[in-house]
Amino acid sequence: MLGAALLLGQWVTNEYFFFAGYVVLQFVVLATAWNILGGYAGYVNFGSGAFFAAGAYTSVALIKGFGAPLFVQVLCAMLVTALMGGLIGAMTLRLRGIFFSIATVAIAVILETVVMNWGLVGGARGITVLQPEAPAWFTSYNRFLFVLMVIFAIAAVTAARYIERSWIGRGLRALRDNEEAAESLGVPTMKLKVFSAAASGALMGLAGSTFPLYMSFIEPTSAFSLNYAVSALAMPIIGGTSSWLGPVIGALLLGSVQQIVTVTISSELNVLVVGGLLVFFVVAAPQGILGLLRRGERQ
Amino acid sequence: MILNRVQACLALAASLAMPALGNAQNPIRVGLSIAQTGPLSGAGKSGLLALQIWRDDVNAKGGLLGRPVELVVYDDQSNPSTTPGIYTKLVDVDKADLLIAPYGTNLTAPVMPLVKQRDLLLMGNFSLDANAQIKHDKYFNNAPWSSAKAMAQAYLALTGQLGVKTIAILAADAEFAQTIAGGVRQGLKERGLESVYDQNYPPNTVDFSSMLRALRAKKPEAVFVASYPSDSAAIIRALNETGVGSSVKIFGGAMVGLQYTTLMESLGSMLNGVVNFHAWVPERTMDFPGVRDFLARYQAKAKDANVDALGFYIPPFDYAIGQILAQAVNATKSLDNKVLAKYLRENEMKTIAGNFRYGPTGEWASPRVIFVQFQDVLDKNTDQFRSAGKQVIVGPAAYKTAPVRPFSEIRR
């Protein structure tokens, strides 16, 4: 896959492909990250936008404050959001169901307010981040970022697949079905929840870490946009939350549809499309596309 | 039945032939993204209508270089994160010949690195200082201002005329408002003004009464406000309820939204005395050739298009973007961005919004922001704004139609 991406970076001449492809892959990472906590453990996070933006703003702070290289930006963005996920996990995962979800929304609002009042990263006005020269192999920096996002997506999906298939995944599934029962059987539920919140946070931060360079400009309203939170949640639900493949299918499908709708029919219709698909799948196919496929196989 | 089938076949054939005809004529494609939904859509839609009128006008005269002009328009949803992708698509997929920037600074900023990298011509659309950092030599703005500082200077000159010594500043914590408030802060010393109150507020603030009370307690002689449409309305309402005290001789400055017909109509007499920046008003010094005719045609279409009824603020300048592009293309007989940019740098632009030349960063060389004072405004009456005398121009001197009157005197 990576080889194919590198070849694409060399051969495809249409720059738009990389712009749209980057966004779709970014959603693959976000949806996969959301699924670790939301799909495997059943804790619905509405604050994906906050984690994404925290990753993005960590990069901005490092660029503006220290002129840090991209590698350091990505690493620090993951560290910050992993810590954030872990801390929030430890503080709020004792809250069940809807209360946990409400807490994640509150965190998004608090973080956005902090960024709006932080001068170094541009405050409410936003800030321009100039792209450096493209590395020797690439004709433009966006092609380089696209290939980087392919690597991120592969890494995120591999991590999710590992978590799902290891004892961690089994533990998370147990606590999703019945937390008390799992606890009484010796599953370390709290440890598992904090770990999965940190892992999910780190991957969301990873998705956001290159966003300022991709955009060349960042401001809080679009970085903290509710669209990220809604998409990160809608994609796994549409694809199927039970497996690592579900978020990938959902993100590729919905992400591409969103890109196409934005530039063809345009307007806020793309939000409507997400909403419509979400309602359809929740009602008609609660197990998502994967669930439909499996049912088809059984029949 | 057979007839129906024949008709259907003919319709299908016609629909298939239509695009083929279009290709044969090979239109000049002018690409842009503009907010048709989201918080900037009010202004975005009215600007788009103006551009559509220009397109129809230019096509009625045979197009440009003998080719029809086509607008390729996308909705950016007022969301800056959509614009780099949209402009890449405009350039690479739609093969747009000419580019117009999205409406507003925040949406234009993400596009600037892209156009600089590809070395493309970009016509700005009411941005402020969008090219200050990037310094792209093929960016040209339509708005009649050069920089925030120049805009602030024009307001500070008015405080001088009223003999003001102390000033209070109230500004939204957002791009445009902070930039211009910064210009005012810089200019205070030169004017011998003392700042007695200086407060930024988050853009989603709705209640300003406590801020106005705190401000009144400082007894300033001038109040400079930099705000966005919803806060502008909230501040004017709070001003009416709380008041700012009899010490204030001038109130207003950079309140975005007070140029919109719906807000002017709903606020009505509450606006009296407020001094605010503007781009065009129906005063005698603003009678540039063609502008009244354009506005009459715009206003006739505005109701159906459900956009700003009077269209005084942005539409003439969006029509002007089209005129500027047409002038450059016709004069150079070229669509080469380098050739067009050279022409734009070196020649006077003739538009319905006035004639002007460009300065080094692609802003107007001699900015023409006007400051108007609302006088004798009545409640719930849109028509009153169609004629002179309700928004008199109090500065700069070249366009002045009446002297500025002290705020406290008008509000008494």
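Residues numbered from 1 in each chain as written. Chains lettered and ligands numbered in written order. Predicted model: local features only at pLDDT ≥ 70, side-chain atom pairs only at ≥ 80, totals over all residues. Heavy atoms only, no water.

Engineer: Describe in detail the pairing of strand β6 (residues 166-172) of chain B, supporting the description with residues and values.
Structural biologist: Residue and element names in this part refer to chain B. The element β6 is largely enclosed, with a buried count of seven among its seven residues. Of the pairings in the sheet, the one linking β6 to strand β7 (residues 194-201) comprises seven bridges and is parallel in character. Across the sheet, the residue bridging to A172 is Y201, located in β7. In this region the chain leaves β6, passes through helix α7 (residues 175-187) and returns to the parallel neighbour β7; the handedness of that crossover is right-handed. Judged from the five bridges that link them, β6 and strand β8 (residues 222-227) form a sheet pairing that is parallel. Residue pairing in the sheet places A171 in a bridge with A226 of β8. (Buried < 20%, exposed > 50% of the residue type's maximum accessible area, 1.4 Å probe, protein only. Helix = DSSP H or I, 4+ residues; strand = E, 2+ residues; numbered from the N terminus. Pairing = 2+ DSSP bridges. Right-handed = clockwise from strand over helix to strand, strands pointing away.)

Engineer: Could you give me a rundown of the side chain of T82 of chain B, with the residues and numbers involved?
Structural biologist: Within the fold, T82 of chain B resides in the loop between β2 (69-74) and α3 (83-92). Here D76 of chain B takes part through its backbone oxygen, which lies 3.1 Å from a polar atom of the side chain of T82 of chain B. (Polar contact = N/O pair within 3.5 Å; in protein donor to acceptor, adjacent residues only side chain to side chain.)

Engineer: Account for helix α8 (residues 209-217) of chain B, with residues named and values stated.
Structural biologist: Along an α-helix, a turn takes 3.6 residues, which lines up residues three or four apart on a common side. Residues and elements named next belong to chain B. Buried within α8 are the following residues: S209, M211, L212 and L215. For α8, the angular spread of buried residues about the axis comes to 160°, placing them on one side. For α8, the secondary structure elements touched by its buried residues are β6, β7, β8 and α9 (229-242). Looking one or two residues past α8, K219 carries a phi angle of roughly 50°, positive in sign. (Arc of directions from axis to C-beta. Contact = heavy atoms within 4.5 Å.)

Engineer: So what's going on with the confidence of the model for chain A? Which residues, and what values?
Structural biologist: Looking at chain A, pLDDT values average 86 and 91% of them are 70 or higher. Considering each helix and strand of chain A separately, the mean pLDDT is smallest for helix α1 (residues 2-11) of chain A, with a value of 64, and largest for helix α3 (residues 48-66) of chain A, with 94. (pLDDT = per-residue confidence, 0-100.)

Engineer: Residue-level account of the sheet that holds strand β1 (residues 28-33) of chain B, with values.
Structural biologist: Residue and element names in this part refer to chain B. The five strands lie next to each other as β2-β1-β3-β4-β5, forming an open sheet whose pairing is parallel. Each edge of the open sheet is held by one strand with a lone partner, namely β2 and β5 (139-141). Each neighbouring strand pair of the sheet contributes to a mean axis angle of 25°, computed without reference to strand direction. Two strands pair when backbone bridges link them, and strand β4 (residues 122-125) and β5 are joined in this way by three bridges, in the parallel orientation. Residue pairing in the sheet places G124 in a bridge with N141 of β5. Against the sheet, helix α12 (residues 315-332) touches β1, β3 (98-103) and β4, its axis set at about 160° to β4. Packed on one face of the sheet, helix α13 (residues 337-346) meets β3, β4 and β5 and runs near 45° to β5. (Axes fitted to C-alpha atoms, helices over the stretch in contact; angles between N-to-C directions.)

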